[in-house]
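One-letter residues, chain by chain:
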Amino acid sequence: QVQLVESGGGLVQPGGSLRLSCAASGSIFSINPMGWYRQAPGKERELVASINSSGRPNYADSVKGRFTISRENAKNTVYLQMNEPKPEDTAVYYCYLQALVRYWGQGTQVTVSS
């Protein structure tokens, strides 16, 4: 069993920045792929960014150049640095860890003002 605890969400203005954190604990014996999804009101969940066990990132086109995903393996933690956020980035952000099954964080609200 793996638990993921997210933090760092909140209200941010366009032109500001925000960093989300996701710390994993429990039965973790490997460096696993991790990443972030988001779900906005009235929209389906979408993959924002992922990072593999070697630290190689991938991004949705909508956030490329603005968001940065990173990880600290010794802390089993993945981050999402959100620079130049836009109102359309407003969503609940969920982190995940991929093992034999996919484990999910509880979600953290990010609101970008107009």
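Everything here concerns the structure above.
What you are looking at is a predicted structure, and each value in this text was computed from that prediction instead of being measured. Going along each chain's sequence as written, the residues are numbered from 1 onward. Given that this is a predicted model, residues contribute local features only at a pLDDT of at least 70 and side-chain atom pairs are listed and counted only at 80 or more, while totals for whole chains, interfaces and linings are drawn from all residues. Calculation of side-chain values draws on the structure's entire complement of heavy atoms; hydrogens and water are dropped beforehand.

Some points on the state of the cysteines
Any two cysteine sulfur atoms within 2.5 Å of one another count as a disulfide. Within the structure shown, the criterion is met by 1 disulfide. Note on cysteine connectivity: C22 is disulfide-linked to C95, with sulfurs 2.0 Å apart. Its torsion about the S-S bond being 60°, the disulfide of C22 and C95 is classed as right-handed. Note that C22 is positioned in strand β3 (residues 17–26) and C95 in strand β9 (residues 91–98), a separation of 73 residues in sequence. Taken as a pair, C22 and C95 share a single burial class, namely buried. A helix here means a DSSP run of H or I that spans at least four residues, while a strand means a run of E at least two residues long, and both kinds are numbered starting from the N terminus. Classification of residues uses two cut-offs on accessible area relative to the type maximum, computed with a 1.4 Å probe and protein chains only: under 20% is buried, over 50% is exposed, and between them is partly exposed.

Quick word on the pattern of salt bridges
Any Lys or Arg side-chain nitrogen located within 4 Å of an Asp or Glu carboxyl oxygen qualifies as a salt bridge. Inspection of every chain in the model, using the stated rule, returns 4 salt bridges. A salt bridge links K64 to D61; the nearest nitrogen and oxygen atoms lie 3.7 Å apart. Of the two residues, K64 and D61, both sit in the exposed class.

Topic: the sheet that holds strand β8 (residues 77–83)
Between any two strands, pairing holds if DSSP finds at least two bridges. The sheet built from 4 strands is open, its strands ordered β1-β3-β8-β7 with antiparallel pairing. Looking at which strands have only one partner, the edges of the open sheet turn out to be β1 (2–7) and β7 (67–72). Here the strands of the sheet are splayed against their neighbours by 15° on average, with no regard to which way each runs. Here β7 pairs with β8 via 6 bridges, running antiparallel. By the bridge assignment, T68 is partnered in β8 with Q81. The convention used is that axes are lines fitted to C-alpha atoms, helices contributing only their stretch in contact, and that angles between N-to-C directions extend from 0 to 180 degrees.

Let's talk about the side chain of T108
Looking at the element boundaries, T108 is found in strand β11 (residues 108–112). Take T108: its relative accessible area is 11%, and that puts it in the buried class. One polar contact links the side chain of T108 to the main-chain amide nitrogen of G9, over a distance of 3.3 Å. Apart from residues no more than four positions distant in its own chain, T108 is found in contact with E6, G9, L20, A91, V92 and Y93. Polar contacts, as counted here, are pairs of nitrogen or oxygen atoms within 3.5 Å of one another; within protein the pair requires one atom able to donate a hydrogen and one able to accept it, and residues that are adjacent in sequence qualify only if both atoms are side-chain atoms. Throughout, a residue-residue contact means that at least one pair of heavy atoms, one from each residue, lies within 4.5 Å.

Examining the nonpolar core
Think of a nonpolar core as a cluster: buried Ala, Val, Leu, Ile, Met, Phe, Trp, Tyr and Cys residues, connected wherever their side-chain atoms sit within 4.5 Å. One finds L4, W36, L80 and Y93 to be the most contacted residues of the largest nonpolar core, which totals 28 residues. Secondary structure elements with two or more residues in this core: β1, β3, β4 (34–39), β5 (46–51), β7, β8, β9 and β11. When near neighbours in sequence (up to four residues on either side) are disregarded, Y93 contacts E6, L20, W36, Y37, R38, V48, F67, L80, M82, G107, T108 and V110.

What to know about the environment of G16
Mapped onto the elements, G16 comes out in the loop between β2 (10–12) and β3. Separated by 22 residues in sequence, G16 and R38 have C-alpha atoms that sit 19 Å apart. Apart from residues no more than four positions distant in its own chain, G16 is found in contact with M82, N83, E84 and P85.

Some points on the packing of aromatic side chains
Centres within 6.5 Å make a pair out of two Phe, Tyr or Trp rings, where for Trp the six-membered ring is used; the pair is then stacked when the planes are under 30 degrees apart, edge-to-face when over 60, and tilted otherwise. If you walk through the whole model with that rule in mind, you get 3 aromatic pairs. Here the aromatic rings of Y96 and W104 are separated by 6.0 Å at their centres, their planes lie at 55°, and the arrangement is tilted. In this structure W104 comes out as partly exposed when scored by relative accessible area, which is 32%. Among the aromatic residues, those joined into a cluster by ring pairs are Y37, Y96 and W104.

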